[in-house]
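Each chain, written out:
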Amino acid sequence: MALWFETALVEGEWRDGVRIDHRGGVIVGVETAGPSPADERGAIAVPGLGNVHSHAFQRGMAGLAERRDGGADADDSFWTWRQVMYGFLDRLDPEDVEAIAALAYVEMLESGFTRVGEFHYLHHAPDGHPYDDPAELASRIGAAAEATGIGLTLLPVFYAHGGFGGAPPAPGQRRFVNSLDDFVALHAAARLSTSHLQGAIVGVAPHSLRAVTPAEIQLLTTIAGPAPVHIHIAEQGQEVAECLATHGCRPVDWLMDQVAVDNRWCLVHATHLSALEVDRIARAGAVVGLCPITEANLGDGLFPASDFLAQGGRIAIGSDSNVLIDSAEEFRILEYGQRLSTRKRNVLACAARPSVGGRLFRDAQSGGAQALGVPRGGLAVGKSLDLVSLDGDHPSLVGRRGDALLDGWIFAGRGGAVDSVWRGGRKVVSAGRHHSRDAIVARYRQRLAGLLTR
Ligand code: NGQ
Ligand code: ZN
């Protein structure tokens, strides 16, 4: 059955009266035409977005780290949050991981994300021993993706050290740690266990410069082949200071001096950059994976977004800690952070794209595809049918045209603007609800209730 929309963002430009035909999950026709009687009709169509950075299991602890328990004078920080997070993940068994990931992926699809980059580092049992199948938890992620229909770019994480200079890992990190040989086996097993998923891709993720040395990163990039390479970088001031103290240079400089960073790379956060580093990333064609909700929640700081975009830098968005899964809110917080710090408005717009939403959505759409290792999506023949339709009756969209629809969604949608979502030709969300929401929420509830009282 073909789809017909009153208006659609086709290859970056808005067109009215668009009929989209698809077969086998792929778009086979896009024409400007009136609807045929059998067509499924919708109001506003945009291509699906990539979510380039997720730790799905952290969805289960959303809201549980918003309290200062260290005493009246103790500052809370990213590092105290990390202790809470480590305490949470220590309780999770494979069933929990799958149930939590499925909920996270339902929410991603409902918010317009059609593919997720899962930065997957929870590998072993709570005591640190590998499961009989080293890819047990990776295959749970695959099962959650399959059950929800979201596209999966799995990024198995290599984690070896507890700090800069090859410091030994801490006990709280035992579920993450592998030797390189074991990681090669895990990576192969993860590929095998996700090979049946439509469009699945497996890349690699050196966790951070704290957890992986440049020599190890070098080896990991050969394991990746042409697939994406993701790393957490320069997220926290303390991390930059430690890198300077250990190596005499800043994280992005240190990485780029040691390893050839190219357009396969996604530098996640990259919050704290010198002007030179801004320029180096932009010139390398790497994507910066921004996670504005999480970066605000964790008190990371502000990425120099307008400088980076002015240099032609490529960005994408990620939901990271999944404390709140909402693609529109990621864009909104990204822009609002810039407004609050510069005391200006419409900071991330540009002459060619005066609409903030129009600019950020298009940039994140192409940057997201690049970082997730898939061809740039879009509503065009030959592309996967990954499509989000917006509710034309939503009060913040009504009467709007063109990029004003994206601005209405991003700045004023209140989470209610997404109507339907197709991924790989399959309709998985209708009237804002994922088709398996009830069953997935019921299972999640049951697992979480047991988990938190255990
Ligand atoms: C993570 N998350 O791996 O989940 C990290 C925290 C770390 C973010 N960086 C742990 N947002 O970086 O050591
Ligand atoms: Zn992360």
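Before going into details, it helps to say that this report is about the structure given with it.

## Focus: the overall build of the chain
1) Next: For the chain, the helix and strand inventory stands at 14 helices and 17 strands.
2) Next: Here the C-alpha radius of gyration of the chain, 21 Å, is about what a compact globule of 454 residues would show, namely 22 Å.
3) Next: In terms of its C-alpha atoms, the chain occupies a principal-axis envelope of roughly 65 × 50 × 45 Å.
4) Next: Among the 454 residues that make up the chain, the fraction classed as buried is 59%.

## As for the coordination of the zinc ion (ligand 2)
1) Next: Here the zinc ion (ligand 2) is held by the protein donor atoms H53 (NE2), H55 (NE2) and H232 (NE2), which lie 2.0 to 2.1 Å from it.
2) Next: Here the donor residues for the zinc ion (ligand 2) map to a single chain with the spacing H-x1-H-x176-H. Here H53 and H55 have matching classes, each one buried.

## Digging into the site of ligand 1
1) Next: Looking at ligand 1, there are 14 residues lining it, with R82, Y121, H207, R210 and E235 nearest.
2) Next: Y121 is positioned such that a nitrogen or oxygen atom in its side chain is 2.7 Å from an oxygen atom of ligand 1.
3) Next: Taken by itself ligand 1 offers 340 Å² of open surface, and the protein chains cover 99% of this.
4) Next: Top contributing element to the shell around ligand 1 by residue count: helix 1 (residues 78-89), with four residues.
5) Next: Its residues assigned to classes, the shell around ligand 1 comprises five nonpolar, five polar and four charged.

## A look at the nonpolar core
1) Next: Of all hydrophobic cores here, the largest spans 122 residues; its most connected members are L89, L92, Y105, L255, W265, I281 and W409.
2) Next: A total of 10 residues in this core trace back to one element, the largest contributor, which is helix 2 (residues 94-110).
3) Next: Within the second largest apolar cluster, 12 residues are counted, among which are V18, L379, L385 and W422.

## Considerations on the packing of aromatic side chains
1) Next: For the structure on display, the rule yields 12 aromatic pairs.
2) Next: With 6.3 Å between their ring centres and 90 degrees between their planes, F5 and W422 make a pair best called edge-to-face. Here F5, found in strand 1 (residues 3-10), pairs with W422, found in strand 15 (residues 418-423); they are 417 residues apart in sequence, far enough to count as distant.
3) Next: Here F5 falls in the buried class, since its relative accessible area comes to 1%.
4) Next: A relative accessible area of 4% means that W422 is categorised as buried.
5) Next: Taking 5.9 Å as the distance between ring centres and 55 degrees as the angle between the ring planes, the aromatic pair formed by F361 and W409 counts as tilted. On the criterion of sequence distance, the pair formed by F361 in helix 12 (residues 356-372) and W409 in helix 13 (residues 403-412) is long-range, its members being 48 residues apart.
6) Next: One aromatic cluster is present, formed by F57, Y86, Y121, Y159 and F176 through successive ring pairs.
7) Next: The ring of W4 carries R41 above its face, with NZ or CZ at 5.9 Å from the centroid.

## Some thoughts on the packing of helix 12 against helix 13
1) Next: For the pair helix 12 and helix 13, interaxial distance at closest approach is 7 Å and the crossing angle is 85 degrees. One element, helix 12, and the other, helix 13, form an angle in the roughly perpendicular class. Across the interface between the two elements, V356, G357, G358, F361 and R362 of helix 12 pack against D403, L406, D407, W409, I410 and F411 of helix 13.
2) Next: Class assignment of the residues belonging to the contact of helix 12 with helix 13 gives a composition of six nonpolar, two polar and three charged.

## Topic: the sheet that holds strand 14 (residues 387-390)
1) Next: Read from one edge to the other, the open sheet built from eight strands follows the order 3-2-1-4-14-15-16-17, with strand pairing classed as mixed. Lying at the two open borders of the sheet, with one neighbouring strand each, are strand 3 (26-32) and strand 17 (433-434).

## Focus on the side chain of E98
1) Next: Within the element layout of this structure, E98 appears in helix 2.
2) Next: Among the residues examined, E98 registers a relative accessible area of 14% and is labelled buried.
3) Next: Within the structure, E98 has its side chain in polar contact with the side chain of R140 (distance 2.9 Å).
4) Next: Setting aside residues no more than four positions away along its own chain, E98 makes contact with R140, A143, A144 and R443.

## Observations concerning helix 7 (residues 251-258)
1) Next: Taking burial as the measure, the eight residues of helix 7 include six buried ones, the bulk of the element.
2) Next: Along helix 7, the residues classified as buried are P251, V252, D253, W254, L255 and M256.
3) Next: As for helix 7, its buried residues are in contact with helix 5 (214-224), strand 10 (229-233), helix 6 (237-247), strand 11 (265-269) and helix 8 (275-284).

Cut-offs used in this document
Residues numbered from 1 in each chain as written. Chains lettered and ligands numbered in written order. Predicted model: local features only at pLDDT ≥ 70, side-chain atom pairs only at ≥ 80, totals over all residues. Heavy atoms only, no water. Helix = DSSP H or I, 4+ residues; strand = E, 2+ residues; numbered from the N terminus. Rg over C-alpha atoms; globule rule 2.2 N^0.38 Å. Buried < 20%, exposed > 50% of the residue type's maximum accessible area, 1.4 Å probe, protein only. Donors = N, O, S within 2.8 Å, 3.2 Å for Na, K, Ca; no water. Near = heavy atom within 4 Å. Polar contact = N/O pair within 3.5 Å; in protein donor to acceptor, adjacent residues only side chain to side chain. Areas by Shrake-Rupley, 256 points an atom, 1.4 Å probe, with all protein chains shown as cover. Nonpolar A, V, L, I, M, F, W, Y, C, P; charged D, E, K, R; others polar. Core = buried A, V, L, I, M, F, W, Y, C linked by side-chain atoms within 4.5 Å. Phe/Tyr/Trp six-rings, centres within 6.5 Å; stacked < 30°, edge-to-face > 60°. Lys NZ or Arg CZ within 6 Å of the ring centre and 35° of its normal. Axes fitted to C-alpha atoms, helices over the stretch in contact; angles between N-to-C directions. Parallel < 35°, antiparallel > 145°, perpendicular 65-115°, else oblique. Contact = heavy atoms within 4.5 Å. Pairing = 2+ DSSP bridges.

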